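If you want the building blocks of each chain, they are given just below.
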Amino acid sequence: MISNDMKLKMEKSMQIVHKAIEMGNGHTILSTGITGDDARLARAAVEGGATLLEPNHPALVLARGHRGITSMHEAEKYRHEISIDQMAEVTRGVRNVVGEDIYLTVGVPGGFTEVKPTILQEEDFLKMSLAGANGLHTHKSSLKDLEELVKKAHKYGLCVDAYIGLPDDLHTFGLSAEKPEEVAKVAKQMESVGVSMVGLMTGMSYEGVEAGEIHPFLKERLQAMVEAVKIPTLAEGGINLDNYKAFKETGVNILVIGTSIDKMVEQAATKVVSDFLTDY
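The chain appears in an unreviewed UniProt entry as Histidine biosynthesis protein from Candidatus Enterococcus lowellii. The UniProt entry for the chain carries this comment under Sequence similarities (unreviewed entry): "Belongs to the HisA/HisF family." Heading Pathway (unreviewed entry) of the UniProt record for the chain holds this comment: "Amino-acid biosynthesis."

What follows deals with the nonpolar core. In this structure, Leu53, Met128, Leu146, Ile164 and Met190 are the most contacted members of the largest nonpolar core, which totals 63 residues. Ranked by residues supplied to this core, first place goes to helix α6 (residues 84-98) with 6 residues. Setting aside residues up to four positions removed in sequence, leucine 146 forms contacts with Thr138, Lys140, Val160, Ala162, Leu175, Met190, Val193 and Val195.

This part covers the packing of α6 against helix α7 (residues 122-131). Axis separation between α6 and α7 bottoms out at 8 Å; the angle between their running directions is 20°. With respect to α7, the element α6 is oriented roughly parallel. Crossing of α6 over α7 shows right-handed handedness. Mapping the contact onto sequence places Ile84, Asp85, Met87, Ala88, Thr91, Arg92 and Arg95 in α6 and Asp124, Lys127, Met128 and Ala131 in α7. Here the residues of the contact of α6 with α7 are counted per class, giving 5 nonpolar, 1 polar and 5 charged.

Right, let's talk about the pairing of strand β5 (residues 159-165) for a bit. Buried residues dominate β5, accounting for 7 of its 7 residues. Both faces of β5 are covered, namely the face carrying Cys159, Asp161, Tyr163 and Gly165 and the face carrying Val160, Ala162 and Ile164. For the crossover from strand β4 (residues 135-138) across helix α8 (residues 143-155) to β5, the handedness is right-handed. Pairing of β5 with strand β7 (residues 197-201), which is carried by 4 bridges, proceeds in the parallel orientation.

Attention shifts here to the pattern of salt bridges. In the structure shown here, the tally under the stated rule is 10 salt bridges. Close ionic contact of aspartate 38 with arginine 40 constitutes a salt bridge, the shortest N to O distance being 2.8 Å. One salt-bridge network, in which partners are shared between bridges, spans Glu76, Arg79 and Glu114.

Moving on: a negative patch on the surface. A grouping of Asp168, Glu178, Glu181 and Glu182 is seen on the molecular surface, where their side chains present a negatively charged patch. Owing to a relative accessible area of 66%, aspartate 168 belongs among the exposed residues under this scheme.

On to a nonpolar patch on the surface. Where nonpolar side chains cluster on the molecular surface, the patch consists of Val272, Val273, Phe276 and Leu277 and spans about 420 Å² of accessible area. Within the fold, phenylalanine 276 resides in helix α12 (residues 259-277).

Most of strand β1 (residues 28-32) is tucked away, with 4 of its 5 residues classed as buried. Where β1 meets strand β9 (residues 254-257), 4 bridges bridge the pair, whose relative direction is parallel. When the sheet's bridge partners are listed, leucine 30 is paired in β9 with valine 256. Relative to strand β2 (residues 52-54), β1 runs parallel, the two being bridged by 2 bridges. If you follow threonine 32 over to β2, its bridge partner there is glutamate 54.

Next up on the list: the side chain of arginine 95. Within the element layout of this structure, arginine 95 appears in helix α6. Buried charge without a partner: arginine 95 forms no salt bridge, and the closest opposite charge is glutamate 100, 4.3 Å away. Arginine 95 has contacts with Glu100, Ile102, Leu104, Ala131, Gly132 and Asn134, leaving out every residue within four places of it along the chain.

Criteria and thresholds
Along each chain, numbering runs from 1 in the same order as the chain's sequence is written. Whole-chain, interface and lining totals are the exception, using all residues; otherwise, since this is a predicted model, local features are given only for residues with pLDDT of at least 70 and side-chain atom pairs are given and counted only at 80 or more. As a rule here, side-chain values come from all non-hydrogen atoms in the structure, and water together with hydrogens is ignored. UniProt positions are given in the numbering used here, feature names are shortened, and annotations may be inferred rather than shown by experiment. Think of a nonpolar core as a cluster: buried Ala, Val, Leu, Ile, Met, Phe, Trp, Tyr and Cys residues, connected wherever their side-chain atoms sit within 4.5 Å. A simple rule labels every residue: compare its accessible area, found with a 1.4 Å probe on the protein chains alone, to the largest value its type can have, and call it buried under 20%, exposed over 50%, or partly exposed in between. Counting from the N terminus, the helices are the DSSP runs of H or I reaching at least four residues and the strands are the DSSP runs of E reaching at least two. We call two residues in contact when some of their heavy atoms are within 4.5 Å. Helix axes are fitted only over the stretch in contact, all axes being lines through C-alpha atoms; the angle between N-to-C directions runs from 0 to 180 degrees. Any angle from 65 to 115 degrees is called roughly perpendicular, while one under 35 is roughly parallel, one over 145 is roughly antiparallel, and all others are oblique. Take the far helix as the reference: if the near one is turned anticlockwise from it by less than a right angle, the crossing is left-handed, and if turned clockwise, right-handed. The classification used treats Ala, Val, Leu, Ile, Met, Phe, Trp, Tyr, Cys and Pro as nonpolar, Asp, Glu, Lys and Arg as charged, and all other residues, Gly among them, as polar. With strands facing away from the observer, any crossover in which the path from the first strand over the helix to the second runs clockwise is taken as right-handed. Paired strands, in this sense, are two strands between which DSSP finds at least two bridges. One speaks of a salt bridge when a side-chain nitrogen belonging to Lys or Arg is within 4 Å of a carboxyl oxygen belonging to Asp or Glu. Residues enter patches when they are more than 30% accessible in relative terms and free of salt bridges; like-charged ones are connected within 9 Å and nonpolar ones (Val, Leu, Ile, Met, Phe, Trp, Tyr) within 5 Å. For accessible areas, the Shrake-Rupley method is used with a probe of radius 1.4 Å. Any residue's cover is judged against the shown protein chains and nothing else. Neither His nor the chain termini are counted; the positive set is Lys and Arg, and the negative set is Asp and Glu. The location of each charge is read from NZ of Lys, CZ of Arg, CG of Asp or CD of Glu.

Okay, structure coming up:
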């Protein structure tokens, strides 16, 4: 009854992505963290040129002060306690502020490999679609689980971006693949089950502003992913103003920027308050 409507919704969503990549001569950024979960900062990111935003449940743990958690590392352990309704509320608010021409991919409880198994119900996909999400940001760790999620997401007009991680990642960030040839194989499998975009976790998550140049082995893994698929590609973890050009040189289309922006915003807020109080 609505299958064609949802197909058209997905096509429009991916047009936004492809246009952003084209405008950036093959590259663009996806802004996340504070700029994904706070509507004011989402608008600020859009005013700076961002057309891709990512609200997600671990970042919302921090935004809401859930359990008093103040680090993303700790937030990952309790992200499953954020509800679908909370993520829908955030998504709806961001959508209201940034308009319809911005791509929103949303991380939701159950869309990742959670510490506590969390089941996404059929109505949850519809709820996120109606809230204004273009897609789901996922970190499923088995191809079977990913394929099931993709089918349900597509039913409700949601694209899916999914990630490849390392076996020894601090947290489970997606399907595991270490050597470049393994990365290429997994990327092709993900593309074959209908993933709209495939990404690679760099292994430098949470390092943010302090992260240095990328390791040659990481470059090889990224290049293997880029060369293996025809769909847009992403890189996430530790990308900052010092190393982003090295990431672009791998050919990856979308750089996911979160911690770097978060740290800068936090430092700016601290400085402004401190300046006001100087000689008060």
